[in-house]
Every structure is written in structure tokens, then in C-alpha cells.
Amino acid sequence: QVQLVESGGGLVQPGGSLRLSCAASGSVATFYFMGWDRQVPGKQRELVATISSTGSANYADFVKGRFTISRDNAKNTVYLQMNSLKSEDTAVYYCYGQTAIVTFWGQGTQVTIAS
């Protein structure tokens, strides 16, 4: 079956940087869209960034200018470069890959911003 696995989460000081990766495995063609959501316990899951198969990216307002999404179609992998991190960026980050009819989700990776 198709699986997406995130990596790169951890504990980072405010103002620091972190890069998340998400690699897909299984019998899949190139996803039309890949991206990242995040969720804090007790709050609604929210979109962070998306990127099309041709490299067109969109970002939530709260990460514009700080985060950069990219993808490697040959490796079926999506990345999220996170700079100028704030305490409010603390969340579980989930990646996804979208086909024409179904969206696959990773298991999530914890990102904690603290001194």
C-alpha cells in the first residue's frame, strides 16, 4: 500500500531552522499535489503549504516569508524548510500526497520550538 513517512522533526530554539522531509513509497505515480498540515492538541488542523507537480507553491499567511516548500518528483518526496521558527509553530506536522481521487497522509512528526 501507499505510505508517506515524515522525518526531520525535533526540538528547536526560537528563531532557529528545521527541514522536514516526507517520502512516499508503494505503487504510486507522481502526486498532483503534495503538502503539509499541522495540528496542536485541541485545535483544528490547519494547512501550512502545498505544491503542485510542476512546482507551483501556496502558503498559509502565518508562514509566508519563513517557510519554503519544495519537492523532488523523481524521489516522490516533499520538503518543508522552516526558518525563523516561533513558539506558536509548535505542532505535529503531517504531510500528504493527493491523487485524482484519494489523499494519503503520513503519521506526523512533532516539531517543538522552545528555549
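The preceding data block contains the structure.
Residues numbered from 1 in each chain as written. Predicted model: local features only at pLDDT ≥ 70, side-chain atom pairs only at ≥ 80, totals over all residues. Heavy atoms only, no water.

Chemist: Before we go on, may I ask you to explain the sheet that holds strand β7 (residues 67-72) in this structure?
Modeler: In any sheet, the strands associate via hydrogen bonds between backbone groups, in a parallel or an antiparallel arrangement. The strand order across the open sheet formed by 4 strands is β1-β3-β8-β7, and the pairing between neighbours is antiparallel. Whereas interior strands pair on both sides, the edge strands pair on one side only; in this sheet they are β1 (3-7) and β7. Within this sheet the neighbouring strands show an average axis-to-axis angle of 15°, counted without direction. When strand β3 (residues 18-25) meets strand β8 (residues 77-82), the two strands line up antiparallel, connected through 6 bridges. Paired with Ala23 across the bridge in β8 is Thr77. (Pairing = 2+ DSSP bridges. Helix = DSSP H or I, 4+ residues; strand = E, 2+ residues; numbered from the N terminus. Axes fitted to C-alpha atoms, helices over the stretch in contact; angles between N-to-C directions.)

Chemist: For this particular structure, what's the right way to read the pattern of salt bridges?
Modeler: Under the defined criterion, the tally for this structure stands at 4 salt bridges. We note a salt bridge from Arg38 to Glu46, for which the minimum N-O separation is 2.9 Å. For Glu46, a relative accessible area of 31% translates into the label partly exposed. Close ionic contact of Asp89 with Arg38 constitutes a salt bridge, the shortest N to O distance being 2.9 Å. With a gap of 51 residues between them, Asp89 in the loop between β8 and β9 (91-98) and Arg38 in strand β4 (residues 33-39) connect regions that are remote in the sequence. With respect to class, Asp89 is no different from Arg38; both count as buried. Each member of the salt-bridge network shares a partner with another, and the members are Arg38, Glu46, Arg66 and Asp89. (Salt bridge = Lys/Arg side-chain N within 4 Å of Asp/Glu carboxyl O. Buried < 20%, exposed > 50% of the residue type's maximum accessible area, 1.4 Å probe, protein only.)

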